[in-house]
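Listed here are the chains, written in short residue letters.
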Amino acid sequence: MKKFMKIMAAAMLAAVTLAGCAKSELVCDAANGKDVVITATRAAKDAFVVTGSLEVAEGETVTVKPALDKGAITIELIASPEEQSIDELPDTDGEAAFTFELSGTEEQTAEAAAGSYMIRITVTEKATGTIHIIAE
């Protein structure tokens, strides 16, 4: 019986330890060019993603709606060239047309020129939550 109790205690300790080691990730779903969704799950500081594209039509604004439980994330919108060759990689290190410093739930809006924008996402403080970037 003592051996069984030791085995059960070890199994329970292993289960608790594994539950505490959940993965860290930063995911961006840009399948809809008008509503990009970013999900951070214990995303580590300096984790980043560059993706495209947010499509902004004439007269639309860009609204960023964070719902971060903790941490901070910087979103940069980089204007994509109108003519992009399939043989040439886009400049993901380009200068940002807009920068949003996000934490908590405060919404931010910017007037944007019509066009296509790549999105550079950088975790500036370990973060958990979601962010919607909407062209409307």
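Could you give me a rundown of the pattern of salt bridges, with the residues and numbers involved?
Enumeration over the complete set of coordinates arrives at three salt bridges. Between Glu 25 and Lys 23 there is a salt bridge; the shortest N-O distance is 3.7 Å. Taking relative accessible area as the criterion, Glu 25 reaches 30% and is therefore assigned partly exposed. Given the relative accessible area of 59%, Lys 23 is considered exposed.

Help me get a handle on the nonpolar core, residues and values and all.
Most often, soluble globular proteins have nonpolar side chains that are buried together. One finds Leu 54, Ile 75 and Ile 133 to be the most contacted residues of the largest nonpolar core, which totals 28 residues. For this core, the secondary-structure elements that each account for two or more residues are β2 (35–43), β3 (48–56), β4 (61–79), β5 (98–102) and β7 (115–135). In this view, Ile 75 contacts Ile 38, Phe 98, Thr 99, Phe 100, Leu 102, Ile 119, Arg 120, Ile 121, Ile 131 and Ile 133; residues no more than four positions away in its chain are not counted.

Pulling in residues and values, what's your account of the pairing of β4?
When you tally the buried positions in β4, you get 14 out of 19 residues, the bulk of the element. In this sheet, strand β6 (residues 108–111) lies alongside β4 in antiparallel orientation, the contact comprising four bridges. What sits directly across from Val 62, in β6, is Ala 110. Pairing of β4 with β7, which is carried by 16 bridges, proceeds in the antiparallel orientation. If you follow Ala 72 over to β7, its bridge partner there is Glu 125. Here five bridges tie β4 to β5, and the two strands are oriented antiparallel to one another. Residue pairing for β5: Ile 73 is matched across the bridge by Leu 102.

I'd like a rundown of the confidence of the model for the protein chain, residues and numbers included.
Looking at the protein chain as a whole, its pLDDT mean stands at 81, while 74% of the residues score no less than 70. In the model of the protein chain, helix α1 (residues 2–19) stands out as the element of lowest mean pLDDT, 43, in contrast to β4, which has the highest, 96. The model gives residues 1–20 a pLDDT under 50, and that stretch makes zero contacts with residues more than four places away or in other chains.

Describe the environment of Phe 100, listing the residues and the values that go with them.
Here Phe 100 is to be found in strand β5. Separated by 27 residues in the primary sequence, Phe 100 and Ile 73 have C-alpha atoms spaced 8.3 Å apart. Filtering out sequence-adjacent residues up to four positions away, Phe 100 remains in contact with Val 62, Val 64, Ile 73, Thr 74, Ile 75, Leu 77, Gln 108 and Ala 110.

I'd like to hear about unusual backbone geometry, residue by residue, with values.
Working note: non-glycine residues mostly have negative phi, and peptide bonds are mostly trans. Of note in this structure, Arg 42 is not a glycine but carries a positive phi near 50 degrees. When you line up the elements, Arg 42 lands in strand β2. With a phi angle near 75 degrees, Asp 46 is a residue other than glycine that sits in the positive phi range.

Each value, and the rule that gives it
Residues numbered from 1 in each chain as written. Predicted model: local features only at pLDDT ≥ 70, side-chain atom pairs only at ≥ 80, totals over all residues. Heavy atoms only, no water. Salt bridge = Lys/Arg side-chain N within 4 Å of Asp/Glu carboxyl O. Buried < 20%, exposed > 50% of the residue type's maximum accessible area, 1.4 Å probe, protein only. Core = buried A, V, L, I, M, F, W, Y, C linked by side-chain atoms within 4.5 Å. Helix = DSSP H or I, 4+ residues; strand = E, 2+ residues; numbered from the N terminus. Contact = heavy atoms within 4.5 Å. Pairing = 2+ DSSP bridges. pLDDT = per-residue confidence, 0-100.

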